[in-house]
Amino acid sequence: MAYQDVQKGAEKRRTIYALNKNLPLPAAEVAKIIEHAVLHTPSSFNSQSTRVVALFGAEHEKLWQITEDALRAIVPADKFEPTAQKLAMFKAAAGSVLFFEDQEVVQNLQANFPAYADNFPVWAEHTDAMHQYAVWTTLAEAGIGANLQHYNPLIDHAVAEAWDIPASWKLRAEMVFGGIATPAGEKAFAPLEGRFKVHGA
(Lines give C-alpha, C1' and ligand atoms only; values in the text may rest on other atoms or scores of the structure.)
Protein backbone atom coordinates (compact mmCIF):
# COMPACT_ATOMS: atom_id res chain seq x y z
CA MET A 1 0.00 0.00 0.00
CA ALA A 2 1.33 3.41 -0.95
CA TYR A 3 1.25 6.30 1.49
CA GLN A 4 -1.12 8.03 -0.91
CA ASP A 5 -3.71 5.35 -0.07
CA VAL A 6 -3.56 6.38 3.59
CA GLN A 7 -3.96 10.01 2.54
CA LYS A 8 -7.00 9.14 0.42
CA GLY A 9 -8.54 7.45 3.44
CA ALA A 10 -8.04 10.63 5.45
CA GLU A 11 -9.70 12.65 2.70
CA LYS A 12 -12.67 10.26 2.52
CA ARG A 13 -13.37 10.52 6.26
CA ARG A 14 -16.03 13.18 6.66
CA THR A 15 -18.78 14.07 9.12
CA ILE A 16 -21.96 12.55 7.70
CA TYR A 17 -25.27 13.13 9.48
CA ALA A 18 -27.74 11.58 7.00
CA LEU A 19 -27.28 7.91 7.89
CA ASN A 20 -29.46 4.82 7.66
CA LYS A 21 -29.41 1.21 8.83
CA ASN A 22 -28.18 -0.21 5.50
CA LEU A 23 -24.59 -1.11 6.30
CA PRO A 24 -22.47 -2.32 3.35
CA LEU A 25 -20.86 -4.90 5.65
CA PRO A 26 -22.27 -7.38 8.19
CA ALA A 27 -22.35 -6.08 11.77
CA ALA A 28 -19.75 -8.67 12.79
CA GLU A 29 -17.30 -7.30 10.22
CA VAL A 30 -17.92 -3.74 11.41
CA ALA A 31 -17.20 -4.93 14.96
CA LYS A 32 -13.91 -6.38 13.69
CA ILE A 33 -12.97 -2.98 12.22
CA ILE A 34 -13.52 -1.38 15.63
CA GLU A 35 -11.68 -4.20 17.39
CA HIS A 36 -8.66 -3.75 15.10
CA ALA A 37 -8.47 -0.06 16.01
CA VAL A 38 -8.61 -0.88 19.73
CA LEU A 39 -5.78 -3.36 19.31
CA HIS A 40 -3.45 -1.35 17.06
CA THR A 41 -3.95 2.33 17.92
CA PRO A 42 -0.98 3.74 19.87
CA SER A 43 -1.16 5.11 23.39
CA SER A 44 1.19 7.07 25.65
CA PHE A 45 3.47 4.76 27.67
CA ASN A 46 1.61 1.92 25.91
CA SER A 47 -1.11 2.56 28.48
CA GLN A 48 -3.86 1.00 26.35
CA SER A 49 -6.29 3.03 28.46
CA THR A 50 -9.03 3.46 25.85
CA ARG A 51 -12.16 1.35 26.29
CA VAL A 52 -14.70 0.95 23.50
CA VAL A 53 -18.27 -0.35 23.38
CA ALA A 54 -19.98 -1.00 20.02
CA LEU A 55 -23.78 -0.86 19.89
CA PHE A 56 -25.88 -2.20 17.03
CA GLY A 57 -29.61 -2.29 16.30
CA ALA A 58 -31.87 -2.01 19.33
CA GLU A 59 -28.90 -1.40 21.64
CA HIS A 60 -27.86 1.56 19.50
CA GLU A 61 -31.42 2.93 19.54
CA LYS A 62 -31.48 2.55 23.32
CA LEU A 63 -28.47 4.88 23.58
CA TRP A 64 -30.27 7.63 21.74
CA GLN A 65 -33.45 7.10 23.73
CA ILE A 66 -31.36 7.50 26.89
CA THR A 67 -29.93 10.70 25.43
CA GLU A 68 -33.38 11.99 24.50
CA ASP A 69 -34.72 11.29 27.99
CA ALA A 70 -31.76 13.11 29.56
CA LEU A 71 -32.19 16.13 27.31
CA ARG A 72 -35.96 16.33 27.78
CA ALA A 73 -35.27 16.73 31.49
CA ILE A 74 -33.29 19.94 30.90
CA VAL A 75 -34.52 21.44 27.61
CA PRO A 76 -37.86 23.33 27.71
CA ALA A 77 -40.60 21.41 25.91
CA ASP A 78 -41.42 24.33 23.61
CA LYS A 79 -37.81 24.43 22.42
CA PHE A 80 -37.21 20.68 22.11
CA GLU A 81 -38.25 20.06 18.48
CA PRO A 82 -34.84 20.82 16.87
CA THR A 83 -33.18 18.56 19.44
CA ALA A 84 -35.76 15.82 18.80
CA GLN A 85 -35.06 15.98 15.06
CA LYS A 86 -31.31 15.68 15.62
CA LEU A 87 -31.71 12.71 17.97
CA ALA A 88 -34.08 10.99 15.51
CA MET A 89 -31.36 11.35 12.89
CA PHE A 90 -28.86 9.60 15.17
CA LYS A 91 -31.36 6.86 16.05
CA ALA A 92 -31.99 6.22 12.33
CA ALA A 93 -28.36 5.11 11.92
CA ALA A 94 -27.17 1.51 12.25
CA GLY A 95 -24.99 1.75 15.33
CA SER A 96 -22.87 3.73 17.77
CA VAL A 97 -19.39 3.43 19.21
CA LEU A 98 -18.83 4.62 22.77
CA PHE A 99 -15.29 5.74 23.59
CA PHE A 100 -14.11 5.73 27.21
CA GLU A 101 -10.84 6.30 29.08
CA ASP A 102 -10.11 4.02 32.02
CA GLN A 103 -9.23 6.37 34.88
CA GLU A 104 -7.74 3.53 36.90
CA VAL A 105 -5.05 3.12 34.24
CA VAL A 106 -4.42 6.86 34.19
CA GLN A 107 -4.16 7.03 37.98
CA ASN A 108 -1.76 4.08 38.10
CA LEU A 109 0.50 5.82 35.61
CA GLN A 110 0.36 9.00 37.70
CA ALA A 111 1.40 7.01 40.76
CA ASN A 112 4.18 5.13 38.97
CA PHE A 113 5.57 8.12 37.06
CA PRO A 114 4.93 11.14 39.34
CA ALA A 115 7.13 13.45 37.25
CA TYR A 116 4.53 13.19 34.46
CA ALA A 117 1.44 13.01 36.66
CA ASP A 118 -0.17 16.16 35.31
CA ASN A 119 0.29 15.00 31.73
CA PHE A 120 -1.34 11.58 31.87
CA PRO A 121 -4.96 12.83 31.78
CA VAL A 122 -4.06 14.95 28.74
CA TRP A 123 -2.24 12.11 27.04
CA ALA A 124 -5.23 9.84 27.70
CA GLU A 125 -7.40 12.30 25.76
CA HIS A 126 -4.89 12.14 22.91
CA THR A 127 -5.07 8.35 22.98
CA ASP A 128 -8.85 8.39 22.88
CA ALA A 129 -8.86 10.83 19.98
CA MET A 130 -6.52 8.59 18.00
CA HIS A 131 -8.89 5.65 18.52
CA GLN A 132 -11.79 7.77 17.31
CA TYR A 133 -9.87 8.79 14.20
CA ALA A 134 -8.71 5.23 13.48
CA VAL A 135 -12.24 3.84 13.73
CA TRP A 136 -13.77 6.72 11.77
CA THR A 137 -11.26 6.58 8.92
CA THR A 138 -11.48 2.82 8.55
CA LEU A 139 -15.27 2.95 8.55
CA ALA A 140 -15.09 5.56 5.80
CA GLU A 141 -12.83 3.28 3.75
CA ALA A 142 -15.46 0.55 4.19
CA GLY A 143 -18.15 2.86 2.79
CA ILE A 144 -19.72 3.53 6.19
CA GLY A 145 -20.60 7.08 7.22
CA ALA A 146 -20.16 8.45 10.73
CA ASN A 147 -20.36 11.53 12.92
CA LEU A 148 -18.94 12.20 16.37
CA GLN A 149 -21.06 13.42 19.29
CA HIS A 150 -20.36 14.48 22.89
CA TYR A 151 -23.38 14.06 25.14
CA ASN A 152 -21.15 13.07 28.03
CA PRO A 153 -21.25 13.70 30.96
CA LEU A 154 -25.03 14.18 30.76
CA ILE A 155 -25.66 10.53 29.85
CA ASP A 156 -22.76 8.93 31.73
CA HIS A 157 -24.73 7.43 34.62
CA ALA A 158 -27.52 6.01 32.46
CA VAL A 159 -25.01 4.56 29.98
CA ALA A 160 -23.06 2.92 32.80
CA GLU A 161 -26.25 1.33 34.13
CA ALA A 162 -27.51 0.21 30.72
CA TRP A 163 -24.32 -1.58 29.65
CA ASP A 164 -22.67 -2.44 32.98
CA ILE A 165 -19.79 -0.02 32.46
CA PRO A 166 -17.09 -0.11 35.18
CA ALA A 167 -16.98 2.95 37.42
CA SER A 168 -13.43 3.77 36.31
CA TRP A 169 -14.43 4.18 32.65
CA LYS A 170 -15.01 7.82 31.74
CA LEU A 171 -17.14 8.43 28.64
CA ARG A 172 -15.42 10.73 26.16
CA ALA A 173 -17.42 10.54 22.90
CA GLU A 174 -20.19 8.79 21.00
CA MET A 175 -19.71 7.96 17.31
CA VAL A 176 -22.83 7.33 15.23
CA PHE A 177 -22.38 5.19 12.10
CA GLY A 178 -24.48 3.74 9.32
CA GLY A 179 -25.18 3.56 5.64
CA ILE A 180 -24.71 6.87 3.83
CA ALA A 181 -28.09 8.33 2.90
CA THR A 182 -26.67 11.67 1.78
CA PRO A 183 -22.92 12.24 1.27
CA ALA A 184 -21.11 15.13 2.91
CA GLY A 185 -20.96 18.39 0.94
CA GLU A 186 -17.86 20.25 -0.13
CA LYS A 187 -15.44 21.01 2.67
CA ALA A 188 -13.98 24.49 3.11
CA PHE A 189 -10.31 24.65 4.06
CA ALA A 190 -8.70 27.51 5.94
CA PRO A 191 -5.44 28.70 4.31
CA LEU A 192 -2.40 26.65 5.23
CA GLU A 193 -0.45 29.85 5.83
CA GLY A 194 -0.42 30.26 9.60
CA ARG A 195 -1.38 26.59 10.10
CA PHE A 196 1.70 24.83 8.75
CA LYS A 197 5.41 25.68 8.75
CA VAL A 198 8.46 23.88 7.42
CA HIS A 199 12.07 24.50 8.45
CA GLY A 200 15.16 22.89 7.01
CA ALA A 201 13.59 20.93 4.15
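All values derive from a computational prediction rather than experimental measurement.

A. Structural view of the nonpolar core. L63, L98, I155 and V159 are the most contacted members of the largest nonpolar core, which has 23 residues in total. Those elements giving two or more residues to this core turn out to be strand 2 (50–56), helix 3 (57–72), helix 4 (81–91), strand 3 (95–102) and strand 5 (169–180). The element contributing the most residues to this core is helix 3, with 5 residues. Beyond its immediate chain neighbours, meaning those up to four positions away, I155 contacts L63, I66, T67, A70, L171 and E174. Counting 13 residues, the second-largest nonpolar core is a separate cluster that includes I33, I34, F99 and V135.

B. Layout of the pairing of strand 4 (residues 145–149). A large share of strand 4 lies buried, amounting to 4 of its 5 residues. In the sheet, strand 4 pairs with strand 5 via 5 bridges, with the strands oriented antiparallel. For A146, the partnering residue across the bridge sits in strand 5 and is F177.

C. A look at the environment of Q103. Secondary-structure assignment places Q103 in helix 5 (residues 103–112). It is 7.8 Å that separates the C-alpha atoms of Q103 and S49, two residues lying 54 residues apart in sequence. With sequence-adjacent residues up to four places away left out, Q103 is seen in contact with S168 and K170.

D. Spotlight on the packing of aromatic side chains. Per the stated rule, a full pass over the model turns up 12 aromatic pairs. Measuring from centroid to centroid gives 6.0 Å for F45 and W123, while their planes differ by 20°, and the two rings are stacked. Of this pair, F45 sits in the loop between helix 2 (27–40) and strand 2 while W123 is found in helix 6 (residues 120–141), placing the two residues 78 residues apart along the sequence. What makes F45 partly exposed here is its relative accessible area of 39%. Taking the centre distance of 5.5 Å and the plane angle of 55° together, the rings of F100 and W169 count as tilted. Note that F100 is positioned in strand 3 and W169 in strand 5, a separation of 69 residues in sequence. Take F100: its relative accessible area is 2%, and that puts it in the buried class. Here the aromatic residues F45, F113, Y116, F120 and W123 are joined through ring pairs into a cluster of three or more. The ring of W136 has R13 sitting right over it, with the charged end atom 4.3 Å from the ring centre.

E. Spotlight on the packing of helix 1 (residues 3–12) against helix 6. Direction vectors running N to C along helix 1 and helix 6 enclose 95°, while the axes themselves pass 8 Å from each other. Between helix 1 and helix 6, the interaxial angle falls into the category roughly perpendicular. Of the residues in helix 6, those touching helix 1 at K8, G9, A10 and K12 are Y133, T137, A140 and E141. Each residue belonging to the contact of helix 1 with helix 6 can be placed in one class, and the counts come to 3 nonpolar, 2 polar and 3 charged.

Thresholds, definitions, all that
Residues numbered from 1 in each chain as written. Predicted model: local features only at pLDDT ≥ 70, side-chain atom pairs only at ≥ 80, totals over all residues. Heavy atoms only, no water. Core = buried A, V, L, I, M, F, W, Y, C linked by side-chain atoms within 4.5 Å. Buried < 20%, exposed > 50% of the residue type's maximum accessible area, 1.4 Å probe, protein only. Helix = DSSP H or I, 4+ residues; strand = E, 2+ residues; numbered from the N terminus. Contact = heavy atoms within 4.5 Å. Pairing = 2+ DSSP bridges. Phe/Tyr/Trp six-rings, centres within 6.5 Å; stacked < 30°, edge-to-face > 60°. Lys NZ or Arg CZ within 6 Å of the ring centre and 35° of its normal. Axes fitted to C-alpha atoms, helices over the stretch in contact; angles between N-to-C directions. Parallel < 35°, antiparallel > 145°, perpendicular 65-115°, else oblique. Nonpolar A, V, L, I, M, F, W, Y, C, P; charged D, E, K, R; others polar.

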